[in-house]
Amino acid sequence: MNTITVEELVKKFSLEVLVGEEYLDRVIVKAQTRRPGLEFIDFFDFLPTQHVKVLGKNEITYLRMLDESERDLRVGNLIKYEPPCIIVTDKQEKLTYLTKYCKQNKIPLLRTDQTNYEFIGKLDAYMIKTLAPEIAIHGVCVNVFGIGVLLRGESGVGKSETAHTLIGRGHRLVADDIVVIKKLSPQTILGTHNGKNKEFLALRSIGLLNVTRQYGRKAFQDETRIAMDIELTNWKKHSLNNDLEVEQRYSEYMGVKVPHIQIQLQPGRDVAGLIEAAVNNWYLKQQGYSAAEEFMKRIEEDH
């Protein structure tokens, strides 16, 4: 399981530490923040715990309207949900009632001058991506026409060489050899590198290439949403067909299904061009267009 420390949030978002500088090593495991609502009223078993709590103008104004005993009760209820830290937005001041409880419970109290809406959007995006469950697989990840493609196949089949050809056509490398796949949602997986292989492409008989040094920044992309899984295989005689519409198959990564196709390799075959065609065809299908359906419609009209 991936984790983040409160200190990492402080550095990432330049947060001001009001209380608990000695507790910045507290670990964050939940990927989304929560603005307290029911949490102020009482402790409810059905509400999640261990989320970062973010308080904006509305929450702070509400607490200020209460008398001291009532305010202490509401803040005490909030603390029961075990937040790794509490963040106050909009540069809110006069937070003595918050500092008291945070000191007692060793919870860092942080502050930003960003608005609540602006800050939560940035923080959630960062934490969802950083805390996302991930796996590493053998393959190559490229971005073709803005679409993330995972290239798989046996070692030596030509994945990296195909990626190199695609780069030459203006597409982008994301990761070679080891692809890190992150699950951002039940429908979305992200492909990225592991840090060590960032910008590097390994070609047999040539060696390692740094694609940004050799082809410029446009040749590399840090991450991409994976929309297609393409398997490169050796040529198999009599196995190809010319059906008007190939049956859609899927690969599954961490429970997320991704459209899968297989491309067989043979000397002289334009594999990079076939990948471009597959990506464009996938995109058209997402727009509701099917070349096979249009073809059949034209035949029916002729008859």
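Everything discussed here concerns the structure shown above.
Quick summary incoming for the structure in this document.

**Concerning the overall build of the chain**
Phase 1 of the analysis: The helix and strand inventory of the chain stands at 10 helices and 15 strands.
Phase 2 of the analysis: In terms of overall dimensions, the chain is more spread out than a globule: its C-alpha atoms have a radius of gyration of 26 Å, far above the 19 Å expected for 303 residues.
Phase 3 of the analysis: Viewed in the frame of its principal axes, the chain has a C-alpha envelope of about 80 × 55 × 30 Å.
Phase 4 of the analysis: Residues classed as buried in the chain amount to 46% of the 303 residues present.
Phase 5 of the analysis: Contacts in the chain between residues at least 24 apart in sequence constitute 69% of all its contacts with a sequence separation of at least 6.
Phase 6 of the analysis: For the chain, the accessible surface area stands at approximately 16,800 Å², while carbon and sulfur atoms represent 49% of it.

**Regarding unusual backbone geometry**
Phase 1 of the analysis: The backbone of Glu 199 shows a phi angle near 75°, a positive value even though the residue is not glycine.
Phase 2 of the analysis: Among the secondary structure elements, Glu 199 is positioned in the loop between strand 10 (188–192) and strand 11 (200–203).

**Some points on the sheet that holds strand 6 (residues 109–111)**
Phase 1 of the analysis: Strand order in the open sheet formed by 4 strands is 2-6-5-4, with mixed pairing between adjacent strands. Looking at which strands have only one partner, the edges of the open sheet turn out to be strand 2 (16–19) and strand 4 (53–55). Recorded for the sheet is a direction-independent mean angle of 30° between the axes of neighbouring strands.

**Notes on the pairing of strand 9 (residues 172–185)**
Each regular strand carries side chains that alternate between the two faces of the sheet.
Phase 1 of the analysis: As paired elements, strand 7 (residues 134–144) and strand 9 share 10 bridges and run antiparallel to each other. Counterpart to Val 142 in the pairing with strand 9 is Leu 173.
Phase 2 of the analysis: In this sheet, strand 10 lies alongside strand 9 in antiparallel orientation, the contact comprising 5 bridges. Across the sheet, the residue bridging to Val 180 is Thr 192, located in strand 10.
Phase 3 of the analysis: Hairpin geometry of strand 9 and strand 10 is characterised by an intervening segment of 2 residues between the two adjacent antiparallel strands.

**Quick look at helix 9 (residues 271–286)**
Phase 1 of the analysis: An ideal rise of 1.5 Å per residue puts 22 Å on 16 residues; helix 9 measures up with 23 Å between its terminal C-alpha atoms.
Phase 2 of the analysis: Looking at helix 9, one finds that the buried residues are Val 271, Ala 272, Gly 273, Ile 275, Glu 276, Ala 278, Val 279 and Trp 282.
Phase 3 of the analysis: Buried residues along helix 9 sit against strand 7, strand 8 (147–152), helix 7 (159–168), strand 13 (223–234) and strand 15 (256–265).
Phase 4 of the analysis: Just downstream of helix 9, Gly 288 is the residue with a positive phi angle, here 95°.

**Topic: a nonpolar patch on the surface**
Phase 1 of the analysis: Taken together, the side chains of Leu 38, Ile 41 and Phe 46 define a hydrophobic patch exposed on the protein surface, amounting to about 320 Å² of accessible area.
Phase 2 of the analysis: Inspection of the secondary structure assignment puts Phe 46 in the loop between helix 2 (38–41) and strand 4.
Phase 3 of the analysis: On the accessibility criterion, Phe 46 (61% relative accessible area) is exposed.

**Regarding the pattern of salt bridges**
Phase 1 of the analysis: This structure, assessed with the given rule, holds 16 salt bridges.
Phase 2 of the analysis: A salt bridge links Glu 16 to Lys 91; the nearest nitrogen and oxygen atoms lie 3.2 Å apart. In this pair, Glu 16 sits in strand 2 while Lys 91 sits in the loop between strand 5 (86–88) and helix 5 (96–104), placing the two residues 75 residues apart along the sequence.
Phase 3 of the analysis: Through salt bridges with shared partners, a single ionic network connects Glu 16, Lys 91 and Arg 111.

**A few points about the packing of aromatic side chains**
Within a pair of aromatic rings, the relevant descriptors are the distance that separates the centres and the angle that separates the planes.
Phase 1 of the analysis: Applying the stated criterion across every chain, the model contains 5 aromatic pairs.
Phase 2 of the analysis: Ring centres of Phe 13 and Tyr 126 lie 5.7 Å apart, and the angle between their planes is 85°; this geometry places the pair in the edge-to-face category. Taken together, the residues span a long stretch of sequence, with Phe 13 in helix 1 (residues 6–13) and Tyr 126 in helix 6 (residues 116–131) at a distance of 113 residues.
Phase 3 of the analysis: Taken together, a centroid distance of 4.8 Å and an interplanar angle of 40° make the contact between Phe 43 and Tyr 81 tilted. A residue pair is termed long-range when its members are at least 10 positions apart, and Phe 43 in the loop between helix 2 and strand 4 and Tyr 81 in the loop between helix 4 (68–79) and strand 5 qualify at 38 residues.
Phase 4 of the analysis: Since its relative accessible area comes to 34%, Phe 43 is described here as partly exposed.

**Notes on the packing of helix 4 against helix 5**
Phase 1 of the analysis: Helix 5 packs onto helix 4 with a crossing angle of 45° between their chain directions and a minimal axis gap of 10 Å. Between helix 4 and helix 5, the angle falls in the class oblique. Both helix 4 and helix 5 take part in a crossing whose hand is right-handed. Contact residues: Arg 71, Asp 72, Val 75, Gly 76 and Ile 79 in helix 4; Tyr 97, Leu 98, Lys 100 and Tyr 101 in helix 5.
Phase 2 of the analysis: Looking at the contact of helix 4 with helix 5 residue by residue, the class counts come to 5 nonpolar, 1 polar and 3 charged.

Cut-offs applied
- Residues numbered from 1 in each chain as written.
- Predicted model: local features only at pLDDT ≥ 70, side-chain atom pairs only at ≥ 80, totals over all residues.
- Heavy atoms only, no water.
- Helix = DSSP H or I, 4+ residues; strand = E, 2+ residues; numbered from the N terminus.
- Rg over C-alpha atoms; globule rule 2.2 N^0.38 Å.
- Buried < 20%, exposed > 50% of the residue type's maximum accessible area, 1.4 Å probe, protein only.
- Contact = heavy atoms within 4.5 Å.
- Areas by Shrake-Rupley, 256 points an atom, 1.4 Å probe, with all protein chains shown as cover.
- Pairing = 2+ DSSP bridges.
- Axes fitted to C-alpha atoms, helices over the stretch in contact; angles between N-to-C directions.
- Expected span 1.5 Å × (residues − 1).
- Patch = residues over 30% accessible without salt bridge, like charges linked within 9 Å, V, L, I, M, F, W, Y side chains within 5 Å.
- Salt bridge = Lys/Arg side-chain N within 4 Å of Asp/Glu carboxyl O.
- Phe/Tyr/Trp six-rings, centres within 6.5 Å; stacked < 30°, edge-to-face > 60°.
- Parallel < 35°, antiparallel > 145°, perpendicular 65-115°, else oblique.
- Left-handed = near helix turned anticlockwise from the far one by under 90°.
- Nonpolar A, V, L, I, M, F, W, Y, C, P; charged D, E, K, R; others polar.

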